[in-house]
Amino acid sequence: MIRGKVFGGLGLRLVHSVVNAGTGKVPLKMWTEGLPVEGVARSQLKQTAALPIIHEKGIAVMPDCHWGIGATVGSVIPTKAAIIPAAVGVDLGCGMMAVRTSLKAVDMPDSLKTIRYAVERAIPHGRSSGGGRGDKGAWRGDEPAEVGLRFRNELFSDFTRIAAKHPRIAKGNLVNHLGTLGTGNHFVEMCLDETDSIWLMLHSGSRGVGNRIGMYFIELAKKDMRKHIRDLPNKDLAYFKAGSDHFDDYLYAVGWAQRFAKVNREVMMNSFLKALRESVPESLRGFRADLLAVDCHHNYVNREFHFGEDLLITRKGAVCAEKGRYGIIPGSMGAKSFIVQGKGNAESYNSCSHGAGRLMSRSEAKRRFSVEEHMRATRQVECRKDKDVIDETPMAYKPIDKVMAAQDDLVEIKHTLRQILCVKG
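**Quick look at the overall build of the protein chain**
So, point 1. For the protein chain, the count of helices and strands is nine helices and 18 strands.
So, point 2. Compactness check: the protein chain gives a C-alpha radius of gyration of 21 Å against a globular reference of 22 Å for 425 residues, within 12% of the reference.
So, point 3. For the protein chain, the spread of C-alpha atoms along the three principal axes comes to 65 × 55 × 40 Å.
So, point 4. The buried share among the 425 residues of the protein chain stands at 56%.
So, point 5. Nonlocal contacts in the protein chain, meaning residues at least 24 apart in sequence, comprise 75% of its contacts between residues at least 6 apart.
So, point 6. Per element, the accessible surface of the protein chain, about 17900 Å² overall, is 50% carbon and sulfur.
So, point 7. Averaging the positions of the 62 positive and the 47 negative side-chain charges in the protein chain gives two centres separated by 4 Å.

**Regarding helix H3 (residues 113-122)**
Every α-helix winds through 3.6 residues per turn, so residues three or four apart in the chain are directed the same way.
So, point 1. Within the span of H3, buried status applies to Ile-115, Arg-116, Ala-118, Val-119 and Ala-122. Along the axis of H3, the buried residues cluster in a sector spanning 160°; they form a single face. Residues of H3 that are exposed and point over 90 degrees away from its buried face: Thr-114 and Arg-121.
So, point 2. Contact partners of the buried residues in H3: strand S9 (187-192), helix H6 (247-279) and strand S18 (411-424).

**Considerations on the nonpolar core**
So, point 1. Within the largest apolar cluster, 56 residues are counted, with the highest numbers of intra-cluster contacts made by Ile-59, Ile-83, Ile-84, Ile-213 and Trp-256.
So, point 2. When residues of this core are traced back to their parent elements, those giving at least two are strand S4 (28-30), helix H1 (39-49), strand S5 (59-66), strand S7 (82-83), helix H2 (85-88), helix H4 (145-165), helix H5 (207-224) and H6.
So, point 3. Examining the composition of this core, we find that ten residues originate from one element, H6, more than from any other.
So, point 4. Once residues within four sequence positions are removed from consideration, Ile-213 is found in contact with Leu-92, Ile-169, Ala-253, Trp-256 and Ala-257.
So, point 5. Counting 44 residues, the second-largest nonpolar core is a separate cluster that includes Ala-60, Val-319, Ile-329 and Ile-390.

**Here we look at the sheet that holds strand S3 (residues 17-19)**
So, point 1. Pairing within the open sheet is mixed, and its twelve strands lie in the order S3-S4-S5-S6-S13-S12-S8-S10-S9-S18-S16-S15. A strand with exactly one partner marks an edge of an open sheet, and here the two such strands are S3 and strand S15 (326-329). With direction set aside, neighbouring strand axes in the sheet form an average angle of 30°.
So, point 2. Note: S5 against strand S6 (residues 73-79), three bridges, orientation antiparallel. Residue pairing across strands places His-66 opposite Val-73, the latter belonging to S6.
So, point 3. Where H3 meets the sheet, it contacts S9 and S18, and its direction lies at approximately 85° from that of S18.

**Some thoughts on the environment of Thr-314**
So, point 1. Take Thr-314: it is sitting in strand S13 (residues 309-316).
So, point 2. Thr-314 sits 15 residues away from Asn-299 along the chain, and the two C-alpha atoms are 7.7 Å apart.
So, point 3. With sequence-adjacent residues up to four places away left out, Thr-314 is seen in contact with Ser-75, Val-76, Ile-77, Ile-83, Ala-87, Val-88, Tyr-300 and Val-301.

**Observations regarding the pairing of S9**
So, point 1. Counted residue by residue, S9 has six buried out of six residues, so it is predominantly covered.
So, point 2. Here S9 shows two buried faces, one formed by Phe-187, Glu-189 and Cys-191 and the other by Val-188, Met-190 and Leu-192.
So, point 3. Relative to strand S10 (residues 197-204), S9 is paired through six bridges, and the arrangement is antiparallel. Note that in S10 the partner of Cys-191 across the bridge is Trp-199.
So, point 4. Following S9, the chain reverses through four residues before pairing antiparallel with S10; Asp-196 in that reversal takes a positive phi of roughly 65°.
So, point 5. As paired elements, S9 and S18 share six bridges and run antiparallel to each other. Looking at the pairing, Phe-187 lines up with Lys-424 of S18.

**A short note on the side chain of Gln-407**
So, point 1. If you trace the backbone, Gln-407 turns up in the loop between helix H9 (400-405) and S18.
So, point 2. Its relative accessible area of 0% is what places Gln-407 among the buried residues.
So, point 3. From its side chain, Gln-407 meets the backbone oxygen of Val-403 in a polar contact 3.5 Å long.
So, point 4. Those residues in contact with Gln-407 that lie beyond four places of it in its chain are Trp-31, Pro-63, Ile-329, Cys-352 and Ser-353.

**Details of the packing of aromatic side chains**
So, point 1. Inspection of every chain in the model, using the stated rule, returns eight aromatic pairs.
So, point 2. Ring centres of Phe-217 and Phe-240 lie 6.4 Å apart, and the angle between their planes is 85°; this geometry places the pair in the edge-to-face category. Of the two residues, Phe-217 sits in helix H5 while Phe-240 sits in strand S11 (residues 240-241), which places them 23 residues apart along the sequence. The same class applies to Phe-217 and to Phe-240, which are both buried.
So, point 3. When the centroid spacing of 5.8 Å and the interplanar angle of 50° are considered together, the rings of Phe-240 and Tyr-250 count as tilted. Remark: Tyr-250 occurs in helix H6 and Phe-240 occurs in strand S11; sequence separation between them is ten residues.

**A few points about unusual backbone geometry**
So, point 1. One non-glycine residue, Ala-81, adopts positive backbone phi at about 55°.
So, point 2. Residue position: Ala-81 is located in the loop between S6 and S7.
So, point 3. Taking the relative accessible area as the measure of exposure, Ala-81 reaches 48% and is therefore partly exposed.

**Observations regarding the packing of H3 against H6**
For any two helices packed against each other, the geometry is given by the interaxial angle and the distance between the axes.
So, point 1. In contact at an axis separation of 9 Å, H3 and H6 are set at 140° when each is read in the N-to-C sense. In this structure, H3 crosses over H6, and the sense of that crossing is right-handed. Note on element contacts: H6 touches H3 through Ser-271, Phe-272, Ala-275, Leu-276 and Ser-279, opposite Ile-115, Ala-118, Val-119 and Ala-122.
So, point 2. Broken down by class, the residue content of the contact of H3 with H6 amounts to seven nonpolar, two polar and no charged.

Basis of the calculations
Residues numbered from 1 in each chain as written. Predicted model: local features only at pLDDT ≥ 70, side-chain atom pairs only at ≥ 80, totals over all residues. Heavy atoms only, no water. Helix = DSSP H or I, 4+ residues; strand = E, 2+ residues; numbered from the N terminus. Rg over C-alpha atoms; globule rule 2.2 N^0.38 Å. Buried < 20%, exposed > 50% of the residue type's maximum accessible area, 1.4 Å probe, protein only. Contact = heavy atoms within 4.5 Å. Areas by Shrake-Rupley, 256 points an atom, 1.4 Å probe, with all protein chains shown as cover. Lys, Arg positive; Asp, Glu negative; His and termini not counted. Charge placed at Lys NZ, Arg CZ, Asp CG, Glu CD. Arc of directions from axis to C-beta. Core = buried A, V, L, I, M, F, W, Y, C linked by side-chain atoms within 4.5 Å. Pairing = 2+ DSSP bridges. Axes fitted to C-alpha atoms, helices over the stretch in contact; angles between N-to-C directions. Polar contact = N/O pair within 3.5 Å; in protein donor to acceptor, adjacent residues only side chain to side chain. Phe/Tyr/Trp six-rings, centres within 6.5 Å; stacked < 30°, edge-to-face > 60°. Left-handed = near helix turned anticlockwise from the far one by under 90°. Nonpolar A, V, L, I, M, F, W, Y, C, P; charged D, E, K, R; others polar.

What follows is the structure, given as structure tokens:
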């Protein structure tokens, strides 16, 4: 552990430990003090550290890390002239958006149930019919005008370009997913900060089209490396090298999916605001929602300059925390969330955690906790309290205060939020 030293004359106190991943492997820089790290996650990190394309400064591991498909969630992977599609994953551009409003807690009714129902009607969420026709989580001809307009103006042209070369990614949901939430840990929330100001916050990504792009290129990488895949520590770590057949196409497609994800969040936020305006008394409907707005990806790849080199930085469940840049670190439903500013810690590739991080699998959470326990844990939050959301109960996640303490050299907390309403996918 190299805790307590000052880093680079910038006044940053190092709180991470450096783990030797083994002969021929880059180091693992772990911001996990006081938090558990699964054995399978450690093994997965060491496998990634063995790849020849990883920058010698090593992989940064965030305090919310846990095992993930393809690569460890909560890891920052720097690659040289190469990219690992399975490390980027399939929820391309997944991230957060939050806006601070001029509304105060005193402006809200005693029961938020009516507002929750209005939000649930305004934003398609969940999944039914196998994601096919009639899916409750997609628009069914009832989308706001903004959906079609923004898709045509900002996304259509570039999508047709990549789909012309790779037509498989065009087969499935597309514009009917723009402005929709999805499933799993995606959410829409209303929160209060330390001054009792109302914040609106949401979490989602690139929906079905991002999943198709991710899955398609993951399989292409495996095929392209079929002669060498036996030499990989894990076949999911197949990668494209710069100059190879699909390298540029993949980065182009991922970049598009990340833009789709950002527009998706913006459209949902507009739907959230409209639902809220229609739910509050007429005298309050002119409230402001531009006091502070934050949007950040936490599952994405980006070209960046670190340690004197141009690198591709994959943040698999991590947020950019450049000096002064705002980010969002949400806790579980019923816990606290944080609006933060980055401290620009170069050792983490200017990164921080993307949330609390799971303590257990979804199936284990459903096995271990009851509806009654979930109701107690979320008693201050207007949300669903049934067996279908037990996998998202607060006890399934790491304690957010410990997560924040383990990365106090990465971010500064600007606002602490507590949830009062939550809609889950």
